[in-house]
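Notes for the structure review
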Amino acid sequence: GAVVSQHPSWVICKSGTSVKIECRSLDFQATTMFWYRQFPKQSLMLMATSNEGSKATYEQGVEKDKFLINHASLTLSTLTVTSAHPEDSSFYICSASYRGRGYGYTFGSGTRLTVV
Amino acid sequence: QKEVEQDPGPLSVPEGAIVSLNCTYSNSAFQYFMWYRQYSRKGPELLMYTYSSGNKEDGRFTAQVDKSSKYISLFIRDSQPSDSATYLCAMSGSNTDKLIFGTGTRLQVFP
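What counts, and where the lines are drawn
- Residues numbered from 1 in each chain as written.
- Chains lettered and ligands numbered in written order.
- Predicted model: local features only at pLDDT ≥ 70, side-chain atom pairs only at ≥ 80, totals over all residues.
- Heavy atoms only, no water.
- Helix = DSSP H or I, 4+ residues; strand = E, 2+ residues; numbered from the N terminus.
- Rg over C-alpha atoms; globule rule 2.2 N^0.38 Å.
- Buried < 20%, exposed > 50% of the residue type's maximum accessible area, 1.4 Å probe, protein only.
- Contact = heavy atoms within 4.5 Å.
- Lys, Arg positive; Asp, Glu negative; His and termini not counted.
- Charge placed at Lys NZ, Arg CZ, Asp CG, Glu CD.
- Pairing = 2+ DSSP bridges.
- Axes fitted to C-alpha atoms, helices over the stretch in contact; angles between N-to-C directions.

1. Brief notes about the overall build of chain A
Secondary structure summary: chain A contains zero helices and 11 strands in total. Reading the secondary structure of chain A in the N-to-C direction produces β-β-β-β-β-β-β-β-β-β-β. Computed over its C-alpha atoms, the radius of gyration of chain A comes to 13 Å, within 12% of the 13 Å expected for a compact globule of 116 residues. For chain A, the spread of C-alpha atoms along the three principal axes comes to 40 × 30 × 20 Å. Taking all 116 residues of chain A together, the buried fraction comes to 52%. Residue pairs at least 24 apart in sequence account for 53% of intrachain contacts in chain A once pairs closer than 6 positions are excluded. Looking at charge distribution, chain A has the averaged site of its 11 positive side-chain charges lying 4 Å from that of its 8 negative ones.

See the structure below:
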């Protein structure tokens, strides 16, 4: 149980285009989801906290207009990288909180974004 | 000073060795402590979860939390090459869903 599906697993896009990444909780309702960014050989950097039905809370230094987050249902959150640039190339990972199941988080398998 | 400190390694051990991974933290409000394993280009996988102080064992893995010292550990017994991965500690307070991660320790177990 407590499975999070993330896709696509990898995507290549041209500079200036937008890319949408989906994160779905398959067998539980996730009122809160998190979006992370990870650079090679580095830890996870929290970008934003996504709450169902409300605006996302962004961490300091993360551009809200560039990284659009939508959490329209209890099982789906999306991250859209708008007007992507090569420096946006990174590994993006979502996770969902499932309190009540021993408190913890389950992570998606990640999306590798390459902007060319 | 970072809230969570973790030696990035890499740590290289022979198969069958006992591995000790550690994190220190500065925020005394942390109550929930987790260890994740992350293979290259994959999402983190929860290994162990501990609430407050104490030990927890699951198969070859043992997690220890010493809140008085603000120090947590993960022990891996009879390490296997398949254990080669990055191990991330993570922790959170009781009034927040936000996880704070360590930088991760890269472990390599050679045959």
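2. Observations regarding the sheet that holds strand β3 (residues 19-25) of chain A
Residue and element names in this part refer to chain A. Strand order in the open sheet formed by four strands is β1-β3-β8-β7, and the pairing between neighbours is antiparallel. Because the sheet does not close on itself, it has two edges, and the strands there are β1 (4-7) and β7 (67-73). Between one strand and the next, the sheet's axes are offset by a mean angle of 15°, whatever the strand orientation. Relative to β3, β1 runs antiparallel, the two being bridged by four bridges. Note that in β3 the partner of H7 across the bridge is E22.

3. Details of the environment of Y98 of chain A
Residue and element names in this part refer to chain A. For Y98, the position within the fold is in the loop between β9 (90-97) and β10 (105-107). Classification of Y98 as buried rests on a relative accessible area of 12%. Once the C-alpha coordinates of Y98 and F28 are considered, the two residues, 70 residues apart in sequence, prove to be 7.5 Å apart.

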